[in-house]
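Results of the structural survey
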Protein chains: 2
Amino acid sequence: MVMKPRILEIRKGVLEKNNGLATNLRQRFRNAGVLVLNLVSSPGTGKTALLELTLAQLLAQGYQAAALVGDLATENDAKRLVRSGAPVRQIVTGGNCHLEADMISNHLDDWKIDLEALDFLFIENVGNLVCPTHYDLGEDIRVVLLSVTEGEDKPLKYPPMFNSADIAIITKLDIADAVEFERDLAIANIQNVSPNITILETSAKKGTGMAKWLTYLIKAKQQMQTVSEC
Amino acid sequence: MVMKPRILEIRKGVLEKNNGLATNLRQRFRNAGVLVLNLVSSPGTGKTALLELTLAQLLAQGYQAAALVGDLATENDAKRLVRSGAPVRQIVTGGNCHLEADMISNHLDDWKIDLEALDFLFIENVGNLVCPTHYDLGEDIRVVLLSVTEGEDKPLKYPPMFNSADIAIITKLDIADAVEFERDLAIANIQNVSPNITILETSAKKGTGMAKWLTYLIKAKQQMQTVSEC
């Protein structure tokens, strides 16, 4: 019991330090004119599958997009994502259960990617529906994914993550019937926790919902330009 | 950078304190003759569904079993589990991404459950494939669940959790075909990370694999009695 206040104080310090670094990153991204998205979800929700298709479709439409992908171990996700043709860099966290702003800035420095040449930068967080919540990575948009297999009550059980996200993407729609997914209940639960959130429904396997997702991305990028031109 | 060593030191302190409390819990469980299992997995892997059926089947066979269930928010899981007829207590962690030994001992004290009357106590951890790894709860057996929908490479991407577990249970076998689950690959990946782990394959929906799981549990309970009688 003696240690608790000290731990809270340290944690507050860590988050404050992260927030400061994230503010710098956000300014850096704004200056470069790149729209940055932070993808969060449980492990196995399909972040990588959605991202691979998203990168390929953005590139096909003439946009420049890249991805930073975080995992505890392996470079499996980066290997999958490079198939899209986009520049991809793996961040192996070595046990850390979430990405932090300093990992992003360190990897950007090492990577030497030209941010000004990019339209979109996607950051795929470590699969974890809890811990990435509190770590701002300087993103413009936080995207939370919920697969049809996870159970419709997940937003109620993990409210901070859904509440902190700007858009919720329901994934793996192609197996919704097989898992008896209750769509209306899932959507009601997301809206219960986050009333104004945008909700999209997708299947990376079948391509379902990709047109709406691309429209959302391109519109967000255009709005960003409009704001910076004011 | 100045803060890092201090944080590591504090974290070490937290884990040491947790280990001490877990050792006391383990002794308390041993003295009471109750076999304790800690169930860990991603959110939505089916811990609650498997546990509900397990509790009901153990009770039907004349065993006494109870469950402690951890979640960030809601008492949904406890409400589901009480349908089994077993005593159940929800631990709402209020944001904490894993259970810790002090939460278990505090709840056991409040709950006033007679541990000596129990054969089995199941602890359902917060859905998180990373953070519960390092927190010993005094359990005899750590059970990691992997659903057929999560992707066969999850053991490689989250090695500490699979490595620290005594048994891996593959869940949701009933939808294996629908999600094109590659069974041999998943099993090879689990064994790659944890060569001597026991692996069971189940579907709580269809009851598949439950006989083997119950046999495993009852045998572990009997072995515990044999050891304590020596």
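What you are looking at is a predicted structure, and each value in this text was computed from that prediction instead of being measured.

1. Re the relation of the copies chain A and chain B
- Note on the identical chains: chain A maps onto chain B by a rotation of 180 degrees and an axial translation of 0.0 Å, with an RMSD of 0.0 Å. What the rotation and shift describe, once combined, is the action of a two-fold rotation axis.
- When the interface residues of chain A are mapped onto chain B, 100% of them again lie at the interface, so the same face is used by both copies.

2. Some remarks on the confidence of the model for chain A
- For chain A, the average pLDDT comes to 94, and 95% of its residues sit at 70 or higher.
- Both scores are available for the predicted complex, with the pTM at 0.90 and the ipTM at 0.84.

3. Comments concerning the sheet that holds strand 6 (residues 167-171) of chain A
Residue and element names in this part refer to chain A.
- In space, the 7 strands of this open sheet follow the order 3-2-4-1-5-6-7, with parallel pairing throughout. The open sheet has two edge strands, strand 3 (88-92) and strand 7 (198-201), and neither has a second partner. For this sheet, the mean inter-axis angle between neighbouring strands, taken without regard to orientation, is 20 degrees.
- Pairing geometry for strand 2 (residues 65-71) and strand 4 (residues 120-124), over 5 bridges, is parallel. Bridge pairing links Leu 68 to Ile 123 in strand 4.
- Against the sheet, helix 2 (residues 47-60) contacts strand 1 (35-40), strand 2, strand 4, strand 5 (141-147) and strand 6, and its axis sits at roughly 170 degrees relative to strand 4.
- Along the sheet face, helix 4 (residues 101-111) touches strand 2, strand 3 and strand 4 and points at about 135 degrees away from the line of strand 3.

4. Focus: the sheet that holds strand 6 (residues 167-171) of chain B
Residue and element names in this part refer to chain B.
- Spatial strand order, 3-2-4-1-5-6-7: 7 strands in an open sheet with parallel pairing. The open sheet is flanked by strand 3 (88-92) and strand 7 (198-201), the only strands paired with a single partner. The sheet shows a mean angle of 20 degrees between the axes of neighbouring strands, taken without regard to direction.
- The sheet contact formed by strand 5 (residues 141-147) and strand 6 spans 5 bridges and is parallel. Bridging from a neighbouring strand, Leu 146 pairs with Ile 170 of strand 6.
- Running over the sheet, helix 2 (residues 47-60) touches strand 1 (35-40), strand 2 (65-71), strand 4 (120-124), strand 5 and strand 6 and is turned about 170 degrees from strand 4.
- Contacts from helix 4 (residues 101-111) reach strand 2, strand 3 and strand 4 within the one sheet, and its direction differs from that of strand 3 by about 135 degrees.

5. Focus: the interface of chain A and chain B
- The interface is formed by 43 residues belonging to chain A together with 43 residues belonging to chain B.
- For the chain A and chain B pair, buried surface summed over both sides reaches about 3,400 Å², with 59% attributable to carbon and sulfur atoms.
- It is Ile 10, Pro 43 and Lys 157 of chain A in chain A that bury the most area against chain B; as a group they hold 18% of the surface buried on that side.
- Seen at the junction of chain A and chain B, the total is 6 salt bridges.
- Residue Asp 77 of chain A pairs with Lys 157 of chain B through a salt bridge whose shortest N-O separation is 2.8 Å.
- Applying the counting rule to chain A against chain B returns 9 residue pairs in polar contact (both at pLDDT 80 or more).
- At the level of secondary structure, the elements contributing two or more residues to the side of chain A that touches chain B comprise helix 1 (4-32), helix 3 (76-81), helix 5 (154-157) and helix 6 (159-164) of chain A.

About the criteria used
Along each chain, residue indices are assigned from 1 in the same order as the chain's sequence is written. Whichever chain is written first becomes A and whichever ligand is written first becomes 1, with later ones labelled in order. A pLDDT threshold of at least 70 governs which residues receive local features in this predicted model, and a stricter bar of 80 or more applies before side-chain atom pairs are shown or counted, although totals over entire chains, interfaces and linings include all residues. Remark: hydrogens and water are excluded; side-chain values derive from all non-hydrogen atoms of the structure. When the copies are overlaid, the least-squares fit takes in C-alpha atoms only where the residue has pLDDT of at least 70 in both copies. The contact rule is simple, with two residues in contact once any of their heavy atoms fall within 4.5 Å. Confidence scores here are pLDDT values: one per residue, from the predictor, ranging 0 to 100. Only when DSSP finds a minimum of two bridges between them are two strands counted as paired. Note on conventions: DSSP H or I runs of at least 4 residues are helices, E runs of at least 2 residues are strands, and numbering of each starts at the N terminus. Helix axes use the C-alpha atoms of the stretch in contact, all axes being lines fitted to C-alpha atoms, and the angles between their N-to-C directions lie in the range 0 to 180 degrees. Buried area adds together the accessible area that both of two parts lose upon being put together, with accessible area traced by a 1.4 Å probe. Put simply, a salt bridge is a Lys or Arg side-chain nitrogen that is within 4 Å of an Asp or Glu carboxyl oxygen. For this analysis, a polar contact is any N or O atom pair within 3.5 Å, provided that within protein one partner can donate a hydrogen and the other can accept it, and provided that sequence-adjacent residues contribute only side-chain to side-chain pairs.

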